[in-house]
Amino acid sequence: MGDDRLEKINQRAYEIWEREGRLFGNHERHWNQAQAEIDREAALPLTAGDALPETREIASSDILTVEELAMRTGISGDEARELIDRLGSDRAAIEAAARSLKARRRL
């Protein structure tokens, strides 16, 4: 496993653990879920076609939408929630900000 991939999986597993209330005993499930998410993200290129559908409003309380944004763009769930809170329902701005945040981390 590449160091970068391993670090991404480790970070995602930690985020899942935090989201689920920091309860111990599920580390293997968190790791497997994180590994599946990271592998799925790596297989899907980020393109304009990945933009969130414009058919409904989004809110940071919509955990599935927050997680979907986080998984698709490679940012944390907390970062996704913050972007949605800050930018409201402007889907294009949210997508652009998420991708920009991810790109800045690579530098």
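In this report, we go over the structure that sits alongside the text. (Residues numbered from 1 in each chain as written. Predicted model: local features only at pLDDT ≥ 70, side-chain atom pairs only at ≥ 80, totals over all residues. Heavy atoms only, no water.)

**Focus: the pattern of salt bridges**
(1) Moving on: Evaluated as defined, the whole model comprises seven salt bridges.
(2) Moving on: Across the salt bridge formed by Asp-39 and Arg-5, the nearest N and O atoms sit 2.8 Å from each other. Placement of Asp-39 in helix H2 (residues 27–43) and of Arg-5 in helix H1 (residues 3–19) is noted, with a sequence separation of 34 residues between them.
(3) Moving on: Salt bridges linked by common partners bring Arg-12, Glu-15 and Glu-37 together as one network. (Salt bridge = Lys/Arg side-chain N within 4 Å of Asp/Glu carboxyl O. Helix = DSSP H or I, 4+ residues; strand = E, 2+ residues; numbered from the N terminus.)

**Some thoughts on unusual backbone geometry**
(1) Moving on: At Arg-22, a residue that is not glycine, the phi angle is positive and equals roughly 60°.
(2) Moving on: By the element assignment, Arg-22 lies in the loop between H1 and H2.
(3) Moving on: Arg-22 gets classed as partly exposed once you look at its relative accessible area, which sits at 45%. (Buried < 20%, exposed > 50% of the residue type's maximum accessible area, 1.4 Å probe, protein only.)

**Some thoughts on empty space enclosed by the protein**
(1) Moving on: For the coordinates displayed, the defined rule picks out one cavity of 30 Å³ or more.
(2) Moving on: Its boundaries defined by the atoms lining it, the largest cavity holds a volume of some 40 Å³.
(3) Moving on: Along its surface, the largest cavity is lined by Arg-12, Glu-15, Arg-19, Glu-37, Glu-67, Ala-70, Met-71, Ile-75 and Gly-77.
(4) Moving on: Only H1 and helix H3 (63–73) provide two or more residues apiece to the lining of the largest cavity.
(5) Moving on: Taken together, the residues of the lining of the largest cavity sort by class into three nonpolar, one polar and five charged. (1 Å grid on protein atoms, 1.4 Å probe; cavity = no way out; pocket = protein on both sides within 12 Å on 5 of 7 lines; lining within 4 Å. Points joined across faces, edges and corners; volume = space filled by probe spheres on them. Nonpolar A, V, L, I, M, F, W, Y, C, P; charged D, E, K, R; others polar.)

**Here's the deal with H1**
(1) Moving on: In a regular helix each residue adds 1.5 Å, so 17 residues correspond to 24 Å; H1 covers 24 Å between its end C-alpha atoms and thus fits that length.
(2) Moving on: The set of residues buried in H1 consists of Ile-9, Arg-12, Ala-13, Glu-15, Ile-16 and Trp-17. (Expected span 1.5 Å × (residues − 1).)

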